[in-house]
Amino acid sequence: MNRPDNQVIVIFGGRGDLAMRKIIPALYALQTQGLMPERYAVLATGRNSISDDTYRKDIEKSVISFSSEVDTSLVSDFTRAFRYLALNPAAADDYNRLSDAIMAVRSELRIGGNTLFYLAIPPELYEKIPRFLAFQGLNNQGDGCKRMIIEKPFGRDFTSAQNLNNILLGDWSEEQIYRIDHYLGKETVQNILVTRFSNGIFEPLWNRSFVNHVEITSSESIGVEKRGAFYEHTGAMRDMVQNHLLHLVGFIAMEPPSSIDSNSIRNELVKVFQSLRPINPAEVGRVTIRGQYTGSHIRGEWIAGYRDEEDVDPESVTETYAALQFYIDNWRWGGVPFYLRTGKRLPTRVTEAVIHFSPTPHRLFSAKTSCQGCNQLIIRIQPDEGILLKVGVKVPGAGFNVKNVNMDFHYSELTTDRIPEAYERLLYDCMNGDSTLYTRSDAVLAAWKFLDPVIEAWENDRSIPLYGYPAGTWGPERADELIMEPDLTWRYPCKNLSDDGVYCEL
Ligand code: BG6
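All residue numbers refer to positions counted from 1 along the written sequence of the respective chain. Confidence filtering applies because this is a predicted model: local features only for residues at pLDDT of at least 70, side-chain atom pairs given and counted only at 80 or more, and all residues used for totals across whole chains, interfaces and linings. With hydrogens and water excluded, all non-hydrogen atoms of the structure serve as input to the side-chain values.

Disulfide assignment relies on a single distance test, namely cysteine sulfur atoms paired within 2.5 Å. Applying the stated criterion across every chain, the model contains 1 disulfide. With no disulfide of its own, cysteine 430 lies closest to cysteine 145 among cysteine sulfurs, the gap being 9.8 Å. Each residue is placed in one exposure class: buried if its accessible area under a 1.4 Å probe, protein chains only, is under 20% of its type's maximum, exposed if it is over 50%, and partly exposed if it falls in between. A relative accessible area of 0% places cysteine 430 in the buried class.

Spatially, 16-15-14-13-7-12-11-8-17 is the arrangement adopted by the 9 strands of the open sheet, whose pairing is mixed. At either margin of the open sheet sits one strand with a lone partner, and together these are strand 16 (402-410) and strand 17 (466-470). Across the sheet, the mean angle separating the axes of adjacent strands is 20° when strand polarity is ignored. Across the sheet, helix 7 (residues 187-197) lies against strand 14 (376-382) and strand 15 (386-394), angled at about 150° from strand 14, the strand it touches most. At least two DSSP bridges between two strands are needed for those strands to be called paired. A helix here means a DSSP run of H or I that spans at least four residues, while a strand means a run of E at least two residues long, and both kinds are numbered starting from the N terminus. Each axis is a line fitted through C-alpha atoms, taken for helices only over the stretch in contact, and angles between the N-to-C directions span 0 to 180 degrees. Any two residues having at least one pair of non-hydrogen atoms within 4.5 Å are treated as being in contact.

Backbone-to-backbone hydrogen bonds pair the strands of a sheet. The strands run either parallel or antiparallel. In spatial order, the strands read 3-2-1-4-5-6; together these 6 strands make up an open sheet with parallel pairing. Either end of the sheet is taken by a strand with one partner, and the two such strands are strand 3 (82-86) and strand 6 (177-179). Neighbouring strand axes in the sheet, compared pairwise and without regard to direction, differ in orientation by 20° on average. For strand 2 (residues 40-46) and strand 3, the ladder comprises 5 bridges, and the chain directions are parallel. When the sheet's bridge partners are listed, glycine 46 is paired in strand 3 with alanine 86. Lying over the sheet, helix 1 (residues 17-32) contacts strand 1 (7-12), strand 2, strand 3 and strand 4 (115-119), oriented at roughly 165° with respect to strand 1.

For the rest of this paragraph, the subject is the pattern of salt bridges. Any Lys or Arg side-chain nitrogen located within 4 Å of an Asp or Glu carboxyl oxygen qualifies as a salt bridge. Scanning all chains against the criterion turns up 27 salt bridges. Arginine 21 serves as the salt-bridge partner of aspartate 17, at 3.2 Å between the closest nitrogen and oxygen. Here arginine 21 and aspartate 17 lie together in helix 1, a separation of 4 residues that amounts to about one turn. The partner of arginine 491 in a salt bridge is glutamate 352, with the nearest N and O atoms 2.6 Å apart. Here arginine 491 is found in the segment after strand 17, whereas its partner glutamate 352 is found in strand 13 (residues 350-357), with 139 residues between them in sequence.

Nearness is judged by heavy atoms alone; a residue qualifies as near a molecule or strand once a single heavy atom is within 4 Å of it. Residues in contact with the ligand, as listed here, are Lys152, His182, Tyr183, Lys186, Glu220, Arg227, Asp239, Met240, His244, Lys344, Arg349 and Gln382. Pairs of N or O atoms within 3.5 Å make up the polar contacts considered here, provided that, within protein, one atom can donate a hydrogen while the other can accept it, and that residues adjacent in sequence are counted only when both atoms are side-chain atoms. Interatomic distance of 2.8 Å between a side-chain N/O atom of arginine 227 and an oxygen atom of the ligand. Between the ligand and histidine 244, the relevant distance is 2.7 Å, taken from an oxygen atom to a side-chain nitrogen or oxygen of the residue. About the coverage of the ligand: the protein hides 83% of its 390 Å² of free accessible area. When residues in the shell around the ligand are grouped by element, the largest group, 3 residues, is from helix 9 (residues 235-253). Throughout, the Shrake-Rupley method with a 1.4 Å probe supplies accessible areas, and for residues the shown protein chains are the sole cover considered.

Once that is clear, we can look at empty space enclosed by the protein. Rolled over the atoms, a probe with the dimensions of a water molecule shows which regions are left empty. Method remark: on a 1 Å grid restricted to protein atoms, a set of points is classed as a cavity if a 1.4 Å probe fits but cannot get out and as a pocket if it is open with protein on both sides within 12 Å along at least five of seven lines; lining residues have an atom within 4 Å of a point. Grid points are joined across faces, edges and corners, and a volume is the space filled by probe spheres set on the points. Summed over all chains, the structure comprises 3 cavities of 30 Å³ or more. Its boundaries defined by the atoms lining it, the largest cavity holds a volume of some 140 Å³. Of the residues belonging to the lining of the largest cavity, the class tally is 6 nonpolar, 4 polar and 3 charged. Gly counts as polar in this scheme, as do all residues outside two lists: the nonpolar Ala, Val, Leu, Ile, Met, Phe, Trp, Tyr, Cys and Pro, and the charged Asp, Glu, Lys and Arg.

The next thing to look at is the nonpolar core. Side-chain atoms within 4.5 Å link the members of a nonpolar core, which is a set of buried Ala, Val, Leu, Ile, Met, Phe, Trp, Tyr and Cys residues. Within the largest apolar cluster, 144 residues are counted, with the highest numbers of intra-cluster contacts made by Phe12, Leu27, Leu98, Phe117 and Phe326. Those residues in contact with leucine 27 that sit more than four places away from it in its chain are Ile9, Ile11, Met36, Val42, Phe78, Phe82 and Leu427.

Here we take up helix 7. Most of helix 7 sits inside the fold, with 8 of its 11 residues counted as buried. The set of residues buried in helix 7 consists of Thr188, Val189, Gln190, Asn191, Ile192, Leu193, Thr195 and Arg196. Check the buried side of helix 7 and you find it contacts helix 9, helix 10 (262-274), strand 14, strand 15, helix 12 (411-414) and helix 13 (422-431).

In this section: the packing of helix 1 against helix 13. Two elements in contact, helix 1 and helix 13, have axes separated by 8 Å at closest approach and are oriented at 70°. Considering their axes alone, helix 1 and helix 13 lie roughly perpendicular with respect to each other. For the pair helix 1 and helix 13, the crossing hand works out as right-handed. Seen from helix 1, the contacting residues are Leu18, Lys22, Ile23, Ala26, Leu27, Ala29 and Leu30; seen from helix 13, they are Tyr423, Glu424, Leu427, Tyr428 and Met431. Of the residues that constitute the contact of helix 1 with helix 13, the class distribution is 10 nonpolar, no polar and 2 charged. Reported orientations rely on four angle classes, namely roughly parallel under 35 degrees, roughly antiparallel over 145, roughly perpendicular from 65 to 115, and oblique for the rest. In a left-handed crossing the near helix is turned counterclockwise from the far helix by less than a right angle, and in a right-handed crossing that turn is clockwise.

Residue position: arginine 332 is located in the loop between strand 11 (321-326) and strand 12 (338-343). A polar contact of 2.8 Å, which involves the side chain of arginine 332, links it to the side chain of glutamate 255. Filtering out sequence-adjacent residues up to four positions away, arginine 332 remains in contact with Arg196, Glu203, Trp206, Asn207, Arg208, Ala253, Met254, Glu255 and Pro256.

The calculated volume of the second largest pocket comes to roughly 370 Å³. In terms of lining, the second largest pocket is formed by 18 residues, of which the most central are Arg290, Val317, Thr318, Trp458 and Glu459. Elements with a minimum of two residues in the lining of the second largest pocket: helix 9 and helix 14 (441-460). With 4 residues, the top contributor of residues to the lining of the second largest pocket is helix 14. For the lining of the second largest pocket, the class distribution of residues is 5 nonpolar, 5 polar and 8 charged.

Geometry only, nothing functional implied.
Okay, structure coming up:
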């Protein structure tokens, strides 16, 4: 892989949680793999005045705490690329100093005009920062590329996302804007495309004739932690479904792109989103479930309920669990139900997609012993990344008893190397001007358009219940009824991909 061109990286929110936990460790990992530009500088901004040295010490701690592999002797060398600038991102006047600081570091290190701006700050500033940068001409590509990474959430509904888009596109072009969804940076999410489009055996079955239904789960065992203030205004639907989970749906459901270039892949993704059947507001109560975790003992330890978390309203109706059933109205998927669920404080951290193939047209073996719905392909995004295929085999002995067995592949068997973090791949791509794994504006808008009626109904229709579920359980029991197949419920995954049935480590 090539090194990106020389550039300056400006991080807004340089002392924030995201920078410390994800962005800086990702830059370090790229540096150790020789994937950073030959000459680069990182200009981190924050509101408080601190020296470069103090900031570099913070970075050292962040790299050591949040990297999976660290060579401590290399860390302080890495921090030399960092400079710190105190700046109020909401004050237009401060941007003169930012512009000066960028020019100074460029001439000191002989870096041309390529600049990457990373907005790792609360969404309230997404409208201001790009404008203020443009006032200084820092969007001008005459002397080199100017790119901007914007974190999610991009808007909080269709209208606000459209307004934000219009504001950004007033000064920046779509090619300069990189809307990040870190799920797209996950190796296992990209592997969905490889599994589907590099194997001749799956694609012929990947449609309404052979697939009975598709199930996607993203469960987290953690609660909202210190993010109560953010989460109160977000909820599971906006935090996880609108972006991460719909992207998984897009990769599972898309048509083969004509090539793997950015536009071809993103065109197919957006077509899936545009084919999502709108959910009628009157149907929201039937096809969606929302829940909120309540206090409970998990393995002997008392875990607080959502309403008792820091910065959460004691009467909050924000959902920490969301499940929905929907359809994709196109030739491939017409009539196939899709089910999504996500939640915090569920029993374990697992993200996976399950393709349930249709049962055989004729039951040759007795219904009691043959396994209805036993052919499943499980694509595990995390943890124990891999793929599991469930097939029926004969139980040795008299008669024809059928047993469901697992054929499994685990990434840990493919390589002993660590799987790169999503942010590494995404930062590397952006530095190289590759937007394939970033979200295009039409996809963001189509995703909001699909979910707006659900969110509106949840906010305004009091007849739609908000179910409580004890922390450490799989969410509201009512969610089992969403699955329309007789005798089938959700798959209840374990930490390890192929542990199911007898033993299940959570
Ligand atoms: C973030 C959400 O985008 O994704 C968090 O804001 C969530 O609430 C996180 O915990 C989950 O990411 P991952 O990579 O741990 O599945």
